[in-house]
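Architecture and fold: a report
Below are the chains, spelled out letter by letter.
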Amino acid sequence: GQQVMQIPQYQHVQEGEDFTTYCNSSTTLSNIQWYKQRPGGHPVFLIQLVKSGEVKKQKRLTFQFGEAKKNSSLHITATQTTDVGTYFCAGHMNRDDKIIFGKGTRLHILP
Amino acid sequence: DTEVTQTPKHLVMGMTNKKSLKCEQHMGHRAMYWYKQKAKKPPELMFVYSYEKLSINESVPSRFSPECPNSSLLNLHLHALQPEDSALYLCASSQEWGWAEQFFGPGTRLTVL
């Protein structure tokens, strides 16, 4: 079936270091969304990217959508303990299709 | 009001019990979703309601029965569940079915004995 691959599965970083998670699809996506789920919490929407090559920033977070609309990345600069959690990418193949979640990247911050 | 509420927060039930999970939103969203999430896994879509009509059933076993009484409420009726059905059940809503961002509720932690 249709899949969105996400790597790495886990990432441990020292506080202050940067962090990046990547999503890849074998087929073109119509959009990509990013969600964050804190430990014991529920997914919270972060952002949506729609255009080819789109880049959006939210403070220390930078989101990119590839030119071919098959891959995306989330980069966090100078991680903080509040960044701990699992980051999921999720995309639609077509506008009317169901959303497909990546497996998530669990970020752990070492103090 | 920009939140999705779910009750109960925790539920323990036997395999012969009948129980219901409830979800409510007052954001005027016309699409509502049920997801199942196992530990360390992504949310797994179960059902989608759009304008109070069931739009998607992801081949979910009939022991799970969704219901959308009105545009603000979504229920999930549970009957004769199996221990492997133990999981976090998340409700979500969005402005419309499709691209719109999804707002997730806090979930119901279900344990089936």
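First, a word on scope: everything that follows refers to the structure included in this document. (Residues numbered from 1 in each chain as written. Chains lettered and ligands numbered in written order. Predicted model: local features only at pLDDT ≥ 70, side-chain atom pairs only at ≥ 80, totals over all residues. Heavy atoms only, no water.)

A closer look at the overall build of chain B
Secondary structure assignment for chain B yields zero helices and eleven strands. Traced from its N-terminal end to its C-terminal end, chain B shows the element sequence β-β-β-β-β-β-β-β-β-β-β. On C-alpha atoms alone, chain B measures out to a radius of gyration of 13 Å, which is about the 13 Å that the 2.2 N^0.38 rule sets for 113 residues. The C-alpha extent of chain B, read off along each of the three principal axes, is 35 × 25 × 25 Å. Here chain B, with 113 residues, has 49% of them falling under the buried criterion. (Helix = DSSP H or I, 4+ residues; strand = E, 2+ residues; numbered from the N terminus. Rg over C-alpha atoms; globule rule 2.2 N^0.38 Å. Buried < 20%, exposed > 50% of the residue type's maximum accessible area, 1.4 Å probe, protein only.)

Points about the state of the cysteines
One pass over the structure, following the stated rule, counts two disulfides over all chains. Between the sulfur of Cys23 of chain A and that of Cys89 of chain A lies a disulfide, 1.6 Å long from S to S. Where Cys23 of chain A bonds to Cys89 of chain A through sulfur, the torsion about that S-S bond is close to -95°, and the disulfide is left-handed. Taken together, the residues Cys23 of chain A in strand E3 (residues 19-25) and Cys89 of chain A in strand E9 (residues 85-92) connect sequence positions 66 residues apart. Each member of the pair, Cys23 of chain A as well as Cys89 of chain A, is classed as buried. Counting only cysteine sulfurs, Cys23 of chain B is the nearest neighbor of Cys68 of chain B, a cysteine outside any disulfide, at a range of 9.2 Å. (Disulfide = S-S within 2.5 Å.)

A word on the interface of chain B and chain A
Facing 20 residues of chain B, the contacting portion of chain A comprises 24 residues. Across the chain B/chain A interface, buried area totals approximately 1,800 Å², and carbon plus sulfur atoms make up 59% of it. Linking chain B with chain A are one salt bridge. Lys98 of chain A is paired through a salt bridge with Glu58 of chain B; the nearest N and O atoms lie 2.5 Å apart. Taken together, the links from chain B to chain A amount to seven residue pairs in polar contact (both at pLDDT 80 or more). Going through the elements one at a time, strand E4 (31-37) and strand E9 (87-94) of chain B are the ones with two or more residues in the side of chain B that touches chain A. (Contact = heavy atoms within 4.5 Å. Buried area = accessible area lost by both parts, 1.4 Å probe. Salt bridge = Lys/Arg side-chain N within 4 Å of Asp/Glu carboxyl O. Polar contact = N/O pair within 3.5 Å; in protein donor to acceptor, adjacent residues only side chain to side chain.)

Topic: the environment of Asn24 of chain A
Residue and element names in this part refer to chain A. Within the secondary structure layout, Asn24 lies in strand E3. The exposure class assigned to Asn24 is partly exposed, which follows from its relative accessible area of 36%. In this structure, the C-alpha to C-alpha distance between Asn24 and Ile7, residues 17 residues apart in sequence, is 8.6 Å. Not counting the four nearest positions on each side in its chain, Asn24 is found in contact with Gln3, Val4, Met5, Lys70 and Asn71.

Some details on the environment of Val13 of chain A
Residue and element names in this part refer to chain A. Summarising the element assignment, Val13 is placed in strand E2 (residues 10-14). Taking C-alpha positions, Val13 is 21 Å from Leu46, a pair spaced 33 residues apart along the chain. Discounting residues that sit within four places of it in the chain, Val13 has contacts with Asp18, Thr79, Leu107, His108, Ile109 and Leu110.

Points about the nonpolar core
Trp34, Phe64, Leu76 and Leu78 of chain B are the most contacted members of the largest nonpolar core, which has 23 residues in total. Where this core is concerned, the elements lending two or more residues are strand E2 (10-13), strand E3 (18-25), E4, strand E5 (44-50), strand E7 (64-70), strand E8 (73-79), E9 and strand E11 (108-112) of chain B. Those residues in contact with Phe64 of chain B that lie beyond four places of it in its chain are Met46, Phe47, Leu76, His77, Leu78, Leu81, Asp85 and Tyr89 of chain B. Counting 21 residues, the second largest nonpolar core, distinct from the first, contains Cys23, Ile32, Leu46 and Phe63 of chain A. (Core = buried A, V, L, I, M, F, W, Y, C linked by side-chain atoms within 4.5 Å.)

Considerations on the sheet that holds strand E1 (residues 4-7) of chain A
Hydrogen bonds between backbone groups are what pair the strands of a sheet, and the pairing can be parallel or antiparallel. Residues and elements named next belong to chain A. Spatial strand order, E1-E3-E8-E7-E6: five strands in an open sheet with antiparallel pairing. The sheet terminates laterally at E1 and strand E6 (55-58), the two strands that pair on one side only. Averaged over all neighbouring strand pairs, the angle between strand axes comes to 15°, with direction disregarded. Here four bridges tie E1 to E3, and the two strands are oriented antiparallel to one another. (Pairing = 2+ DSSP bridges. Axes fitted to C-alpha atoms, helices over the stretch in contact; angles between N-to-C directions.)

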